[in-house]
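Here is what each chain is made of, one letter per residue.
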Amino acid sequence: MTTLGVNIDHVATIRQARKTVEPDPVAAAFLAELGGADGITVHLREDRRHIQDRDVEILRQTVRTHLNLEMAPTEEMIEIALRIKPDYVTLVPEKRQEITTEGGLNLLSDLDYFCSVVDKLQSASIPVSWFIDAQESQIKAAAQTNALFIELHTGQYAEAHDATSRKQELDFLIQGTQQARELGMSVNAGHGLTYWNVHPVACISGIEELNIGHTIISRSVLVGMERAVSEMKLAIQGNNISKQLKNQENKGR
Ligand code: PXP
């Protein structure tokens, strides 16, 4: 069965909009695990636009499933990973101006450097996953670096405008998964997956974990809205929120 890594970056995006302390991605990770998340993923970006160093440090201590640290393959990030020791790292390309990761890394652009990055991290017992497009040359290069994992970029599949191109993108993901498995790597996938498009990708034989963020955080904002507003109405009337929660707990017993 394909497992689910929940990316909680956008909980931090909401917090950073006000540079306050809520909502805390650490609390979100805890609740995601209660909901059945098999892993927690955070992307520590160079510009620290959402997840902060403090979040990763605390998550390392509190996550009970596994912590996947997404990061660019830079000296700064490698140092942080070696210190914090996540369960694995996913190495992604990063551009300052992008809204989100725009595509897979081009491993052919500097293969020697990428080999040395894998060596540094995996020598410290931190498995490496390369976030790449489902292209034969990229998958071959990932195997040459000795990385234990790849994460196939599902963005093109998610953005396909019609059934024919969606099917074609799905076929690329199926072929890519097969190639990577034959080369001895484990395969994850993610980016742009939603409640509506996830199932065909989850059915690809050989994919271990799906990393999904935006659609889950979006839905959690909406499904929690009714309760959040009714609790605020009670708080306005002088009902302390901690007391309300205690009462609910007692009722549940
Ligand atoms: N995998 C990688 C490598 C990513 O960069 C992201 C986005 O941070 C995701 C998965 C999750 O993508 P989404 O938020 O679209 O589900």
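Our structure's up above, just so we're on the same page.
Since we're looking at a predicted model, the values are computed, not measured.

*Asks:* What exactly am I supposed to notice about the site of the ligand here?
*Replies:* Close to the ligand lie 14 residues; E70, E151, G192, G213 and H214 are nearest. Here an oxygen atom of the ligand and a backbone polar atom of G192 are 2.8 Å apart. At a separation of 2.8 Å, an oxygen atom of the ligand approaches a polar backbone atom of G213. For the shell around the ligand, a count of residues per class yields three nonpolar, eight polar and three charged.

*Asks:* When you look at a nonpolar patch on the surface in this model, what are you seeing that I'm missing?
*Replies:* A surface patch of nonpolar side chains, amounting to about 450 Å² of accessible area, comprises I14, V221, L222, M225 and V229. Listed by contribution, the elements that provide at least two residues to the nonpolar patch are helix 10 (214-223) and helix 11 (225-236). When you line up the elements, M225 lands in helix 11.

*Asks:* I would appreciate a short explanation of the packing of aromatic side chains in the present structure.
*Replies:* Pairs of aromatic rings are described using the distance from one ring centre to the other and the angle between the two planes. Taken as a whole and assessed by the stated rule, the structure comprises four aromatic pairs. Taking the centre distance of 5.2 Å and the plane angle of 10° together, the rings of Y88 and F149 count as stacked. Here Y88 is found in strand 4 (residues 88-91), whereas its partner F149 is found in strand 6 (residues 149-153), with 61 residues between them in sequence. Both rings, one in F114 and one in W130, keep their centres 5.2 Å apart while their planes meet at 70°; by these two values the pair is edge-to-face.

*Asks:* Got a minute to help me understand the packing of helix 6 (residues 136-144) against helix 8 (residues 163-182) in this structure?
*Replies:* Their axes nearest at 10 Å, the elements helix 6 and helix 8 cross at an angle of 25°. For the element pair helix 6 / helix 8, the angle class is roughly parallel. The handedness of the crossing between helix 6 and helix 8 is right-handed. Seen from helix 6, the contacting residues are E136, I139 and K140; seen from helix 8, they are G176, Q179 and A180.

*Asks:* Sorry if this is basic, but what is going on with helix 8 here?
*Replies:* One turn of an α-helix holds 3.6 residues; hence residues three or four places apart share an orientation. Given a rise of 1.5 Å per residue, 20 residues ought to cover 28 Å, and the 29 Å separating the end C-alpha atoms of helix 8 matches this to within 8%. Residues of helix 8 that are buried include every one of L170, L173, G176, T177, Q179 and A180, and no others. Where the residues of helix 8 are buried, they touch helix 6, strand 6, helix 7 (155-159), strand 7 (186-190), helix 9 (198-202) and strand 8 (207-212). Put simply, D162 is the residue that caps the front of helix 8, since its side-chain oxygen is 3.1 Å from the backbone nitrogen of T164. Phi for G184, located one or two positions after helix 8, is positive at around 90°.

*Asks:* Hey, could you run me through helix 6 in this one?
*Replies:* All buried positions along helix 6 are accounted for by Q138, I139, A141 and A142. All buried residues of helix 6 lie within an arc of 160° about the axis, which places them on one face of the element. Those residues of helix 6 that are buried are in contact with helix 5 (111-123), strand 5 (128-132), strand 6 and helix 8. Once helix 6 ends, the next one or two residues include N146, with phi positive near 75°.

*Asks:* What's the story with the environment of A37 in this structure? I'm lost.
*Replies:* With respect to the helices and strands, A37 occurs in the loop between helix 2 (25-34) and strand 2 (39-43). Excluding residues that lie within four positions of it along the chain, A37 makes contacts with L4, V6, A32 and T65.

*Asks:* What am I meant to see in the packing of helix 4 (residues 75-84) against helix 5 here?
*Replies:* Helix packing for two helices is described by the angle between their axes and how far apart those axes are. Interaxial distance between helix 4 and helix 5 falls to 10 Å at its minimum, and their mutual angle equals 15°. As summarised for this structure, helix 4 and helix 5 are arranged roughly parallel, according to the angle between their axes. Considering how the two elements wind past one another, helix 4 and helix 5 form a crossing that is right-handed. On helix 5, the residues touching E75, I78, A81 and L82 of helix 4 are Y113, V117, K120 and L121.

About the cut-offs
Per chain, residues are indexed from 1 in the order of the written sequence. Per-residue local features are limited, in this predicted model, to residues with pLDDT of at least 70; the limit for side-chain atom pairs, both in listing and counting, is 80 or more; totals at the level of whole chains, interfaces and linings are taken over all residues. To get the side-chain values, take all heavy atoms of the structure and skip hydrogens and water. Here a residue is considered near a molecule or strand provided that any single heavy atom belonging to it is located within 4 Å of it. Here a polar contact is recorded for every N or O atom pair within 3.5 Å, except that within protein the pair must consist of a potential hydrogen donor and a potential acceptor, and residues adjacent in sequence are included only if both atoms are side-chain atoms. Amino acid classes used here: Ala, Val, Leu, Ile, Met, Phe, Trp, Tyr, Cys and Pro are nonpolar; Asp, Glu, Lys and Arg are charged; the rest, including Gly, are polar. Any residue with relative accessible area above 30% and no salt bridge may belong to a patch, with like charges joined within 9 Å and the nonpolar Val, Leu, Ile, Met, Phe, Trp and Tyr side chains within 5 Å. In short, Shrake-Rupley with a 1.4 Å probe defines the accessible areas, and a residue's cover is counted only from the protein chains shown. We count a salt bridge whenever a side-chain nitrogen from Lys or Arg sits within 4 Å of a carboxyl oxygen from Asp or Glu. A run of H or I in DSSP counts as a helix once it spans at least four residues, and a run of E counts as a strand once it spans at least two, with each numbered from the N terminus. A pair of aromatic rings is counted whenever rings of Phe, Tyr or Trp (Trp by its six-membered ring) have centres within 6.5 Å, and the orientation is called stacked for planes under 30 degrees apart, edge-to-face for over 60 and tilted otherwise. For helices, the fitted line uses only the C-alpha atoms of the stretch in contact; every axis is such a line through C-alpha atoms, and the angle between N-to-C directions lies from 0 to 180 degrees. Angle categories: roughly parallel below 35 degrees, roughly antiparallel above 145, roughly perpendicular from 65 to 115, and oblique for all the rest. When the near helix sits turned anticlockwise from the far one by under a right angle, the crossing is termed left-handed; a clockwise turn instead gives a right-handed crossing. We call two residues in contact when some of their heavy atoms are within 4.5 Å. In this analysis, the expected span of each helix is defined as 1.5 Å times one less than the number of residues it contains. Partly exposed residues are those whose accessible area sits between 20% and 50% of the maximum for their type, while under 20% is buried and over 50% is exposed, using a 1.4 Å probe and protein chains only. The arc under discussion is defined with respect to the helix axis, by the directions toward the C-beta atoms.

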